[in-house]
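Examining the three-dimensional arrangement
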Amino acid sequence: EGAKEGIPVIQEPKNNVFVNDGSISIVGKTYFENQPCSIYLDNKRVRDLVSGDDFSFIFSPENVLSDGEHSVYVVTETGVSAVSSFVVDTIRPAEPTVMKMVIITYEQVGDMINTYIAIGGEYFDTDVKSLMIYLDDKIFIDNISLNPDRYNFWNYNFTKDLSIGVHKISVRAIDQANNVSI
């Protein structure tokens, strides 16, 4: 079944999404099978094609899209789709800082010490959606969602049994397009 009421639809990229790769595919459906349609990208007609027997079409632009806002829509003789706006973001967010750390050790059992750790810091990119916390750069502790109204500061507390010795806590930021800081 094709699009409803004569209006073609854009299925991908979805409206108001962030993508971390400028090599996109435009996917949609027309009202009729084998229906001619025109694809518009950033208000420029970029391709004329015909949908398939299953009403669907797919088009991949030859050039990688640049970082920034883009829009796509499709036109057929039966109507014009809604505009799908999306953002290409290939830039990794800046690494967040760890500005405070409190470590409280409890009972030692064998070569392990039960430890309470409270950490906090700051992130610098406005589109950061979450932080991943690691112990010794390889042991994943947690992924914490961020509240954009919190002025770019974060806090996290956890309890962990640690071996005796020196340990490092690192934090990586994830932005809306799922780019991860180094």
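Described in the following lines is the structure provided in the data block. Keep in mind that what you see is a predicted model, and the values were worked out from it rather than measured.

Rules and cut-offs
Residues numbered from 1 in each chain as written. Predicted model: local features only at pLDDT ≥ 70, side-chain atom pairs only at ≥ 80, totals over all residues. Heavy atoms only, no water. Salt bridge = Lys/Arg side-chain N within 4 Å of Asp/Glu carboxyl O. Helix = DSSP H or I, 4+ residues; strand = E, 2+ residues; numbered from the N terminus. Pairing = 2+ DSSP bridges. Axes fitted to C-alpha atoms, helices over the stretch in contact; angles between N-to-C directions. Core = buried A, V, L, I, M, F, W, Y, C linked by side-chain atoms within 4.5 Å. Buried < 20%, exposed > 50% of the residue type's maximum accessible area, 1.4 Å probe, protein only.

1. Points about the pattern of salt bridges
One pass over the structure, following the stated rule, counts four salt bridges. Note that Glu62 is salt-bridged to Arg47, the shortest N-O span being 4.0 Å. Taken together, the positions of Glu62 in the loop between strand 6 (56–59) and strand 7 (68–76) and Arg47 in strand 5 (residues 44–50) put the pair 15 residues apart, joining distant regions of the chain.

2. A look at unusual backbone geometry
In this structure, the amide linkage connecting Glu12 to the following residue, Pro13, adopts the cis form with an omega of -5°. The residue Pro13 is located in the loop between strand 1 (9–12) and strand 2 (17–19) in this model. Located in the positive-phi region is Asn34, a residue other than glycine, with phi close to 50°. Secondary-structure assignment places Asn34 in the loop between strand 3 (26–29) and strand 4 (36–41).

3. Notes on the sheet that holds strand 15 (residues 169–175)
Ordered by their spatial adjacency, three strands build an open sheet running 13-12-15, and the pairing between neighbours is antiparallel. In this open sheet, the two edge strands, each paired with only one partner strand, are strand 13 (139–145) and strand 15. For this sheet the average axis-to-axis angle between neighbouring strands, irrespective of direction, equals 25°. As paired strands, strand 12 (residues 128–135) and strand 13 are joined by six bridges and run antiparallel to one another.

4. As for the sheet that holds strand 1
The strand order across the open sheet formed by three strands is 1-3-6, and the pairing between neighbours is antiparallel. Both outer strands of the open sheet, strand 1 and strand 6, are each paired with one neighbouring strand and no more. Each strand axis lies, on average, 30° off the axis of its neighbour in the sheet, ignoring direction. Taken together, the three bridges between strand 1 and strand 3 define a ladder with antiparallel strand orientation. Following the sheet pairing, Glu12 is matched in strand 3 by Val27.

5. Here we look at the nonpolar core
Among soluble globular proteins, nonpolar side chains are generally buried collectively. Among the nonpolar cores identified, the biggest contains 17 residues, and Ile119, Leu131, Ile133, Trp154, Tyr156 and Ile169 are the most heavily contacted of them. Put simply, the parts of the chain that give this core at least two residues each are strand 11 (112–122), strand 12, strand 13, strand 14 (153–163) and strand 15. Within the second largest apolar cluster, 15 residues are counted, among which are Ile39, Val72, Val74 and Phe86.

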